[in-house]
Amino acid sequence: MFPVEKIREDFPILKREVNGKPLVYFDNAATSQTPQVVIDAIVNYYTNYNANIHRGVHTLSQEATDLYEEARIKIQQHFNAKNAYEIILTSGTTDSINMVASGFEALLTSGDEIIVSALEHHSNIVPWQMLCEKTGAVLKVIPMLENGTLDMSVYNTLISEKTKLVFCNHVSNALGIINPIKEMIAKAHQVGAAVLIDGAQATPHIKPDVQELDVDFYVASAHKICGPTGVGILYGKSEWLEKLPPYQGGGEMIETVTFEKTTYAGLPHKFEAGTPNICGGIAFGVALDYMNAIGFDAIGAYEHELLIYGTEKLQEIEGLTIYGTEDKTAVISFNIEGIHPYDIGAILDKLGVAVRTGHHCAQPIMNFYNIPGTVRASFSFYNTKEEIDLLVNAVQKAKMMLS
C-alpha cells in the first residue's frame, strides 16, 4: 500500500488551514509543494555555504561549487543524459525554451518550417512565433481532436524535408493528456528535424529517459517536482548544444575576453552566463533524491488511482463535463454547464480547496472547445481520496449556490 499518510508528514504546508478549513491542495500542475528535506537544504545552503561558485579559490566557494555540480550529476542521472555537460541549469522551462529558440535564429532561413502542437502552453508557442517573425520560417500546427489528443494523421502529413524543428509537450498542462512523443521524435528524425519536448507537466509523474527517447532537447522546471521556483533544466544533445550560439553574454560563459575578440567556454558553461541560482540548483538535486526514494513507478500508480477515483466521483455531478478523456496524468479539467469556472474556483477556495481556473496559458485549447476556461484539479502523490471527496462536495455546493 502506498504510504501517503507518512509522505504527507514531509510537507509542512499540508497542515495549514485556509479560510478556516483544512487545506486541500489540488493546484499541483501549477506548482508542487515542497518537502521539509528540500526546505532544509535551502536553509543549510544560506546558513553554511553561501558563496559564488566556479571562480573562487576560498573554501566556501569550493564547497558551494561541489554541491552545485553534484546536483547537476544527480539531474543527469535522473534524466539519463549521456553527459553531465548536456544539462544546462536555467531559471525554468520558459527560459530553457527561449534559449533554444534564440539559438536557432542563427540556423533557420526563410521558407524553413517548424511544427508545434495545438496542446501547447503559451511558453511553447510564443517563442516560436517570434522566431518565425525574425527568420521567415513558417509555423505549422498539429490539430487536436475532441478527446484532447493530437491528430497524428495530420502530423504525418505536416512533416517534410522543409521541417527543421518540432515542438511538443510531453503532457498537456491544461488537460493532462500524454502525447506520443517517441513516435513524434522518430518521425521528425526521418527528415533530419530536431525535436524539443516540454516536460514541465510530465516530470512530476513520469521519469523520462532522454537517451531512450532519442530526444534532441528536453526542458523542465524544478518547482513542478518538489523543488524550488526559479530553476530548471535544458537537456540538449551535445552535438546540438555545440551548434547553437550562446544565449547571453557575461561572466562564466567565456574562455577569453579582449576588446578585439571573445572566445566562449565549453559546455555547459557556454549557456550559463552570470551567477546562477546556486541554492535552487542544489535544492533541485535534493528534490529529485526525495522523489526517487519514493519511486516514480509507485508515484505513477498511486496518482492513477486518484485520477480514476476523482473522475468517477466528479462524473456523478449532473451537468459536469471533463475535457481530455484519453491516456493522461492525474489532471481533471472540467466545467459545469451554465457556470463560469472562475466562480466555481472562488467558492472552492472559501471551502479550503485550491484549484486552478482559467485558460491555463493554453488559449488555443479553450478556443477549440469554445469555452472561457476550465476548473483544473491536479493531483500529486501526497493527495488522498478523502481530499477528493472534499473536492466533490465543494463542487456540489458551488453548483447549488451558482445555479
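Relevant structure appears above.
Residues numbered from 1 in each chain as written. Predicted model: local features only at pLDDT ≥ 70, side-chain atom pairs only at ≥ 80, totals over all residues. Heavy atoms only, no water.

1. Topic: the nonpolar core
Inside soluble globular proteins, nonpolar side chains tend to come together where they are buried.
Inference 1: In this structure, Phe381 and Leu391 are the most contacted members of the largest nonpolar core, which totals 104 residues.
Inference 2: If one sorts the elements of this core by residue count, helix H10 (residues 278-294) sits on top with 10 residues.
Inference 3: Look past the residues within four positions of Phe381 in its chain and what remains in contact with it is Phe2, Val4, Ile7, Phe11, Cys226, Tyr290, Met291, Ile294, Ile299, Tyr302 and Glu303.
Inference 4: Of all hydrophobic cores here, the second largest spans 25 residues; its members include Leu108, Cys132, Ala194 and Leu196. (Core = buried A, V, L, I, M, F, W, Y, C linked by side-chain atoms within 4.5 Å. Buried < 20%, exposed > 50% of the residue type's maximum accessible area, 1.4 Å probe, protein only. Helix = DSSP H or I, 4+ residues; strand = E, 2+ residues; numbered from the N terminus. Contact = heavy atoms within 4.5 Å.)

2. Some thoughts on the packing of helix H3 (residues 59-79) against H10
Inference 1: At a minimum axis separation of 8 Å, H3 and H10 run at an interaxial angle of 40 degrees. Judged by the angle between their axes, H3 and H10 are oblique. Where H3 crosses over H10, the two elements pack in a sense that is left-handed. When H3 is examined against H10, the residues Ala64, Leu67, Tyr68, Ala71, Lys74, Ile75 and His78 are found in contact with a partner set consisting of Ile278, Gly281, Ile282, Phe284, Gly285, Val286, Leu288, Asp289 and Asn292. (Axes fitted to C-alpha atoms, helices over the stretch in contact; angles between N-to-C directions. Parallel < 35°, antiparallel > 145°, perpendicular 65-115°, else oblique. Left-handed = near helix turned anticlockwise from the far one by under 90°.)

3. Concerning the state of the cysteines
Inference 1: As enumerated under the stated definition, the model contains 0 disulfides in all.
Inference 2: In this structure Cys132 is a free cysteine whose sulfur lies 16 Å from that of Cys168, the closest cysteine sulfur available.
Inference 3: In this structure Cys132 comes out as buried when scored by relative accessible area, which is 11%.
Inference 4: Cysteine Cys226 is unpaired, with the sulfur of Cys279 as its nearest cysteine sulfur at 16 Å.
Inference 5: Given the relative accessible area of 1%, Cys226 is considered buried. (Disulfide = S-S within 2.5 Å.)

4. Quick look at helix H2 (residues 36-49)
Inference 1: Along its 14 residues, H2 runs 19 Å from first to last C-alpha, staying within 8% of the 20 Å computed at 1.5 Å per residue.
Inference 2: For H2, every residue scored as buried is listed here: Val38, Ala41 and Tyr45. Angular distribution of buried residues about the axis of H2 spans 50 degrees; they occupy a single face of the element. In H2, those exposed residues whose orientation departs by more than 90 degrees from the buried face are Tyr46 and Thr47.
Inference 3: If you follow the buried residues of H2, they end up packed against H3 and H10. (Expected span 1.5 Å × (residues − 1). Arc of directions from axis to C-beta.)

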